[in-house]
Amino acid sequence: MPARSLSLRKIVLIKTGQDVSRCMGCQFCDGIPCQDMDIPLASLVTLINLNDEEVLTSKTLWSDEVLKHAREACSRQLNLEQIILALRSEAVQRGLVAEKNTAQENL
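Residues numbered from 1 in each chain as written. Predicted model: local features only at pLDDT ≥ 70, side-chain atom pairs only at ≥ 80, totals over all residues. Heavy atoms only, no water.

**What about the overall build of the protein chain?**
Logical step 1: Helices and strands together make up the secondary structure of the protein chain, namely five helices and zero strands.
Logical step 2: In sequence order, the protein chain lays out its α and β elements as α-α-α-α-α.
Logical step 3: When each of the 107 residues of the protein chain is scored for burial, the buried share is 40%.
Logical step 4: Within the protein chain, counting contacts between residues at least 6 apart in sequence, those at least 24 apart form 61% of the total.
Logical step 5: Here the protein chain displays about 6100 Å² of accessible surface, and carbon together with sulfur accounts for 48% of that area. (Helix = DSSP H or I, 4+ residues; strand = E, 2+ residues; numbered from the N terminus. Buried < 20%, exposed > 50% of the residue type's maximum accessible area, 1.4 Å probe, protein only. Contact = heavy atoms within 4.5 Å. Areas by Shrake-Rupley, 256 points an atom, 1.4 Å probe, with all protein chains shown as cover.)

**Topic: helix α2 (residues 41-49)**
Logical step 1: Among all positions of α2, only Leu41, Ala42, Leu44, Val45, Leu47 and Ile48 are buried.
Logical step 2: Summarising the contacts, the buried residues of α2 are in contact with α1 (8-16), α3 (59-62), α4 (64-70) and α5 (80-93).
Logical step 3: At the exit of α2 stands Asn51, carrying a positive phi of roughly 60°.

**A short note on the packing of α1 against α5**
Logical step 1: In the contact formed by α1 and α5, the axes pass within 9 Å of each other and the chain directions differ by 115°. The orientation of α1 relative to α5 falls into the category roughly perpendicular. Along this stretch, α1 crosses α5, giving a crossing that reads as right-handed. On α5, the residues that touch Leu8, Ile11, Val12, Lys15 and Thr16 of α1 are Gln82, Ile83, Ala86, Leu87, Ser89, Glu90 and Gln93.
Logical step 2: Grouping the amino acids of the contact of α1 with α5 by side-chain chemistry returns six nonpolar, four polar and two charged. (Axes fitted to C-alpha atoms, helices over the stretch in contact; angles between N-to-C directions. Parallel < 35°, antiparallel > 145°, perpendicular 65-115°, else oblique. Left-handed = near helix turned anticlockwise from the far one by under 90°. Nonpolar A, V, L, I, M, F, W, Y, C, P; charged D, E, K, R; others polar.)

**Digging into the confidence of the model for the protein chain**
Logical step 1: Per-chain confidence: the protein chain averages 87 in pLDDT, with 88% of residues scoring 70 or above.
Logical step 2: Every residue in residues 102-107 is under pLDDT 50, and counting partners more than four places away or in other chains gives five contacts. (pLDDT = per-residue confidence, 0-100.)

**A word on unusual backbone geometry**
Logical step 1: You will see that Gln27, though not glycine, has its phi angle at about 70°, which is positive.
Logical step 2: At Asn51, a residue that is not glycine, the phi angle is positive and equals roughly 60°.
Logical step 3: With respect to the element layout, Asn51 can be found in the loop between α2 and α3.
Logical step 4: Among the residues examined, Asn51 registers a relative accessible area of 37% and is labelled partly exposed.

**As for the nonpolar core**
Logical step 1: One finds Leu41, Ile48, Val55, Leu80, Ile83 and Leu87 to be the most contacted residues of the largest nonpolar core, which totals 29 residues.
Logical step 2: Secondary-structure elements contributing two or more residues to this core are α1, α2, α3, α4 and α5.
Logical step 3: With six residues, α2 is the largest single contributor of residues to this core. (Core = buried A, V, L, I, M, F, W, Y, C linked by side-chain atoms within 4.5 Å.)

Pasting the structure below:
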């Protein structure tokens, strides 16, 4: 089955083992102090569950500051750092962003 036909939730699950449907909407992750966000992290997770591709081009997804804080942001132990990196990879695979934009995540 081609990856494009998979939902964003399923792609994240396959790539990371993280099941974003475990999110309870507590919004604990929204406590990240970051100016680079256009979508709060809780909304980002909701958009993944809704299979909304807007998440793949959001400033939040591509913010290095958000990525730095994401690992410990979830009270349900979802590793949001892994989820963000998986979605960045998916955006590149779909041709939604240039691969050069992801160079910093490999440093």
